[in-house]
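The residues making up each chain are set out below.
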Amino acid sequence: MIECTDRTPLPRHFFDRPVLEVAPDLLGRTLVRITDDGPIELRLTEVEAYAGEVDPGSHAFRGRTARNAVMFGPPGHAYVYFTYGMWHCLNLVVGPEGRAGGVLLRAGEIRVGHELARKRRTSARHDRELAKGPARLATALDVDRTLDGTDACAGPGSPLSVLTGSPVAADRVRSGPRTGVGGDGAVHPWRFWIDGDPTVSPYRAHVPRRRKS
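Rules used in this analysis
Residues numbered from 1 in each chain as written. Predicted model: local features only at pLDDT ≥ 70, side-chain atom pairs only at ≥ 80, totals over all residues. Heavy atoms only, no water. Core = buried A, V, L, I, M, F, W, Y, C linked by side-chain atoms within 4.5 Å. Buried < 20%, exposed > 50% of the residue type's maximum accessible area, 1.4 Å probe, protein only. Helix = DSSP H or I, 4+ residues; strand = E, 2+ residues; numbered from the N terminus. Contact = heavy atoms within 4.5 Å. Pairing = 2+ DSSP bridges. Salt bridge = Lys/Arg side-chain N within 4 Å of Asp/Glu carboxyl O. Phe/Tyr/Trp six-rings, centres within 6.5 Å; stacked < 30°, edge-to-face > 60°. Lys NZ or Arg CZ within 6 Å of the ring centre and 35° of its normal. Polar contact = N/O pair within 3.5 Å; in protein donor to acceptor, adjacent residues only side chain to side chain.

### Some details on the nonpolar core
Piece 1. Judged by nonpolar contacts, the single largest core of 42 residues is most densely connected at Phe15, Leu26, Leu90 and Leu105.
Piece 2. Broken down by element, this core gets its largest block of residues, five residues, from strand E3 (residues 38-50).
Piece 3. Not counting residues up to four positions away in its chain, the partners in contact with Leu26 are Leu10, Phe14, Phe15, Leu44, Leu92, Val103, Leu105 and Val162.
Piece 4. Tyr79, Tyr81, Val93 and Val181 belong to the second-largest nonpolar core, a separate cluster that totals twelve residues.

Structure below.
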């Protein structure tokens, strides 16, 4: 049985806080994606925090660029990036404007729009795999770079929004190293997930790329 969830949109001041406060507080919230074919709703079960210019694992560590500019903008906006020449990943910008910070949405449970997600995630063997991992999540929700900079706090009509949902009790939240982050950024236990949830992605340590000879 699916529990009743709060349909109240999260206000901008929810996101205007330190990234390590916002990230675990997003667990259990409802992400709403309005596509041309209809709505898809997802309960967030796994996220990662990135602390901008003080975080070696962040895209903003070396300062502002055309690619990461949204991370320095107002909180509550979407930061979408393209990776490995194949996949998109969806983040929510947090913290005060002018100071980069973001939360990568790593995994979730599709609650509404299963048929729409399945059309985009044809390789998923079970519904629990539809958004199990950040690239899978973005694919299932039809997220690409056209959504970069979208205001998730804009209200009705926005293609992305976040509802209060059913926040997770603190004793169910776990944390550990971020997936695939190497170097100095690997030491931060800034990945947060709901303990025992089957949609949470498996942890994978960073593997350095081999240079072509």
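After presenting the structure, the write-up continues.
### Some details on the pairing of strand E5 (residues 87-93)
Piece 1. In terms of burial, E5 is a largely internal element, six of the seven residues being buried.
Piece 2. Remark: three residues form the turn of the hairpin made by strand E4 (residues 78-83) and E5, two consecutive strands paired antiparallel; Tyr84 in that turn has positive phi of roughly 55°.
Piece 3. Here E5 runs beside strand E6 (residues 102-112); their pairing, made up of three bridges, is antiparallel. Pairing of Val93 across the sheet is with Gly102, part of E6.

### Some remarks on the pattern of salt bridges
Pairing between side chains becomes possible if they bear opposite charge and their charged atoms approach one another.
Piece 1. For the coordinates displayed, the defined rule picks out 17 salt bridges.
Piece 2. The salt bridge involving Arg43 is made with Glu109; its shortest N-O contact spans 3.6 Å. Pair noted here: Arg43 is in strand E3 and Glu109 is in strand E6, with a separation of 66 residues, a long-range link.
Piece 3. By relative accessible area, Arg43 is classed as buried at 10%.

### Description of the packing of aromatic side chains
In this description, a pair of aromatic rings is defined by centroid distance and the angle of the planes.
Piece 1. All chains considered together, the criterion is met by two aromatic pairs.
Piece 2. With 5.7 Å between their ring centres and 40° between their planes, Tyr79 and Tyr81 make a pair best called tilted.
Piece 3. Judged by its relative accessible area of 3%, Tyr79 falls in the buried class.
Piece 4. The side chain of Arg191 reaches across the aromatic face of Trp193, ending 4.2 Å from its centre.

### A closer look at the environment of Gly76
Piece 1. Tracing the sequence through the fold places Gly76 in the loop between E3 and E4.
Piece 2. For the pair Gly76 and Val19, spaced 57 residues apart in sequence, the C-alpha to C-alpha distance is 12 Å.
Piece 3. Ignoring any residue separated from it by four or fewer positions in sequence, one finds Gly76 in contact with Arg12, Phe15, Val93, Thr150, Asp151, Ala152 and Cys153.

### Points about the side chain of Arg111
Piece 1. Among the secondary structure elements, Arg111 is positioned in strand E6.
Piece 2. Among the polar contacts listed, one links the side chain of Arg111 to the side chain of Glu109, at a separation of 3.1 Å.

### A few points about the environment of Thr179
Piece 1. Topologically, Thr179 is positioned in the loop between strand E8 (173-176) and strand E9 (191-194).
Piece 2. Judged by relative accessible area, which is 16%, Thr179 ranks as buried.
Piece 3. Taking the C-alpha atoms as reference, Thr179 lies 22 Å from Arg145; in sequence the two are 34 residues apart.
Piece 4. Dropping the residues within four chain positions of it, Thr179 is found in contact with Glu48, Arg106, Arg191, Pro202, Tyr203 and Arg204.

Nothing here speaks to function; it is geometry throughout.
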